[in-house]
Amino acid sequence: MIGLISATAAGAAARDRLAAAWPTRARVYDGSVADAVRRAFAECEQVVCFLATGAVVRLVAPLLVDKGSDPGVVCVDEAGRFAVSLIGGHAGGANELAREVAELLGAEPVVTTATDAVGVPGLDTLGFPVEGDLAAVSRAMLDGEPVVLEAELDWPLPALPPNVGSPAESGAAVLRISDRDREPAAREVVLRPPSLVVGVGASRGAPVEEVLGLVEETLREAGLSVRSVAELATVHAKSEEPGILGAAARLGVPVVTYSAEELAAVAVPNPSEAPLAAVGTPSVAEAAALVGRGELLVPKRKSVRADGRPAMATCAVVRRPGRGRLAVVGLGPGARDLLTPRATAELRRAAVLVGLDQYVDQIRDLLRPGTLILESGLGAEEERARTAVAEARRGQAVALIGSGDAGVYAMASPALAEASDDIDVVGVPGVTAALAAGAILGAPLGHDHVSISLSDLHTPWEVIERRVRAAAEADIVVTFYNPRSRGRDWQLPKALAILAEHREPATPVGVVRNASRPDESSRVTTLGSLDPAIVDMMTVVTVGNTATREIAGRMVTPRGYRWQEEAK
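Notes on the structure follow. The residue count restarts for each chain, going from 1 along the sequence in the order it is written. Only residues with pLDDT of 70 or above have their local features reported here, since the model is predicted, and side-chain atom pairs are shown and tallied only from 80 upward, although totals for entire chains, interfaces and linings are computed over all residues. Computation of side-chain values covers all heavy atoms of the structure but excludes hydrogens and water.

**Topic: the nonpolar core**
The nonpolar side chains of a soluble globular protein tend to be buried with one another.
Here comes step 1: Remark: nonpolar core denotes a set of buried residues (Ala, Val, Leu, Ile, Met, Phe, Trp, Tyr, Cys) joined through side-chain atoms within 4.5 Å. Burial classes follow relative accessibility: with a 1.4 Å probe on protein chains only, a residue under 20% of its type's maximum area counts as buried, one over 50% as exposed, and anything between as partly exposed. The biggest cluster of nonpolar side chains holds 23 residues, and the ones touching the most others in it are Val198, Val200, Leu219, Leu232 and Val317.
Here comes step 2: Note on conventions: DSSP H or I runs of at least 4 residues are helices, E runs of at least 2 residues are strands, and numbering of each starts at the N terminus. Elements with a contribution of two residues or more to this core: β11 (196-202), α7 (208-221), β12 (229-235), α8 (242-251) and β15 (313-319).
Here comes step 3: When residues in this core are grouped by element, the largest group, five residues, is from α7.
Here comes step 4: Two residues qualify as a contact provided that any one of their heavy atoms is within 4.5 Å of a heavy atom in the partner residue. When residues no more than four places from it in sequence are discounted, the contact partners of Val317 are Leu196, Val197, Val198, Thr218, Leu219, Leu224, Glu295, Leu296, Leu297 and Val298.
Here comes step 5: Membership of the second largest hydrophobic core comes to 21 residues, among which are Ile464, Leu492, Val509 and Val535.

**Some thoughts on the pattern of salt bridges**
Here comes step 1: A side-chain nitrogen of Lys or Arg and a carboxyl oxygen of Asp or Glu constitute a salt bridge if their distance falls within 4 Å. Enumeration according to the criterion identifies 31 salt bridges in this entry.
Here comes step 2: Linking Asp16 and Arg15 is a salt bridge whose minimum nitrogen-to-oxygen distance equals 3.0 Å.
Here comes step 3: The exposure class assigned to Arg15 is buried, which follows from its relative accessible area of 10%.
Here comes step 4: Residue Arg27 pairs with Glu43 through a salt bridge whose shortest N-O separation is 3.3 Å. Of this pair, Arg27 sits in strand β2 (residues 26-28) while Glu43 sits in helix α2 (residues 33-43), and the two are 16 residues apart along the sequence.
Here comes step 5: Under the relative-accessibility criterion, Arg27 is labelled partly exposed at 34%.

**Things to note about the pairing of β15**
Here comes step 1: Within β15, seven of the seven residues are buried, which leaves the element mostly enclosed by the surrounding structure.
Here comes step 2: In β15, alternate side chains face the same way, and those of Ala313, Cys315, Val317 and Arg319 on one face and Thr314, Ala316 and Val318 on the other are all buried.
Here comes step 3: Judged from the seven bridges that link them, β11 and β15 form a sheet pairing that is antiparallel. Bridging across to β15, Val198 finds its partner in Val317.
Here comes step 4: Following DSSP output, two strands are said to pair if at least two bridges run between them. Of the strand pairs in this sheet, strand β14 (residues 295-302) and β15 are connected by five bridges, and their pairing is antiparallel. Bridged to Leu296 within β15 is Val318.

**With respect to the packing of aromatic side chains**
Here comes step 1: Geometry of aromatic contacts follows a simple scheme: Phe, Tyr and Trp rings, the Trp one being its six-membered ring, pair when their centres are within 6.5 Å, and the pair is stacked under 30 degrees between planes, edge-to-face over 60, tilted otherwise. Within the structure shown, the criterion is met by two aromatic pairs.
Here comes step 2: Measuring from centroid to centroid gives 4.7 Å for Tyr409 and Tyr481, while their planes differ by 50°, and the two rings are tilted. Of this pair, Tyr409 sits in the loop between β19 (397-402) and α15 (412-418) while Tyr481 sits in strand β23 (residues 477-481), placing them 72 residues apart in sequence.
Here comes step 3: Accessibility expressed as a relative area gives 10% for Tyr481, which makes it buried.

**Describing the environment of Gln358**
Here comes step 1: For Gln358, the location among the structural elements is in helix α13 (residues 357-363).
Here comes step 2: Under the relative-accessibility criterion, Gln358 is labelled partly exposed at 37%.
Here comes step 3: Between the C-alpha atom of Gln358 and that of Ala107, which follows or precedes it by 251 residues, the distance is 29 Å.

Listed below in structure tokens is the structure:
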């Protein structure tokens, strides 16, 4: 929960804008400001104060306990010009909150955390639990001192400064990636990747304490960190078992379940007749842990009950190998404010960026220093897809970028056709050209619609023509991508002629060039009046259906056919 506190009418107005934007995330604290700050500090994970920074400092100073548990605090001035990350920049999430507040209020985010200020990734922001001398290792990274990278596991990380990965030398700071349960040494930080899968089995009614105790004891005796547990895995039949669910909740990890048939197909060292009779597979704990492949570190073991009664829980531990990560990222139509926060986060997470050179230029400033950029020109889509997948297979965190939505006439298709199940693939949606153009034109996509590319470089014209004819006969709004180029000037007139066989010459047509970019242009014309010569490859053409109307200069397709019936 985010606590919102203000002292003046101006602050209250901005406060209420945040409250409206975050109806389920925010809580407004009224009354005495000092009392409101105390209550919000105790009850919320984050706090936004519309007060002077000096006042907030004096109010929160007596409340500070530990940066690992204190809420993140953001301070916004009365004029709403700046959103200052004051306390808990990383651990409390105040840096990201300041950016989010600034975006909502049109303010400037102020982040003074050293790593954020120079683009170096904060070690506590990489998405992994972190232990050790965070301040000393971060300072060494910032100062350019040698930092030894001891990767006991190959795990994809974002771009790191060039001084990380230096040869080992006495007294150097160390960044270690490990799931081993060991205390960090002086000037050492240990990142805990989610590499461990714990398979669990449990009798009906097994207590949470017995399941959890077995898991924790097993990990401790094996010298493994509980903070590297990614999930508890079991059979479908145990998906609602309170002991398993409770243990997962205490560990803060999900429960993943598999069918008995899936588990029965997994070769295990210790099959048993008991689970076969009970749930239909000779192994639950070992098989569930091994489904995703990996190294069996701890074979099946049973819990030991103090009262001497039979064990009610079993577990096994598997270390899954680190897998490369490929994020296929849609950048939207071009405007920075149409780039989604999720896309920005993936760009910051990547150690390798692959993309068309002109798209790379759009987002180059968002990348972390040290990001490897592999860019190429037009016409190299398959090559870029192969390059991105190859880098992910090397264990890298890769972002493959495309305009609009990467899954719509863009890079997702060739990349996923190239990728197999040996890497993790994440799709990040973006605003498509059709949607951006539709918003500019009005509401042309208010009813059923289809997008068709008129480029016959990858699709035979006979197939394209058949699809255009089907859309025309079905009375569906059509958005044409890649409508016309210097070498392809006849396809658009042919497609429009097909549509004209089924629609009146007065049917509205929207033409948008460079949607959302500085040189954007748009017009609404008609099917009978459109001059194809004004269209190029940077243009999106949207042809309405028989219900589409031009209203006050805007192109509108009604959600139903009532208008059509009233017009008869």
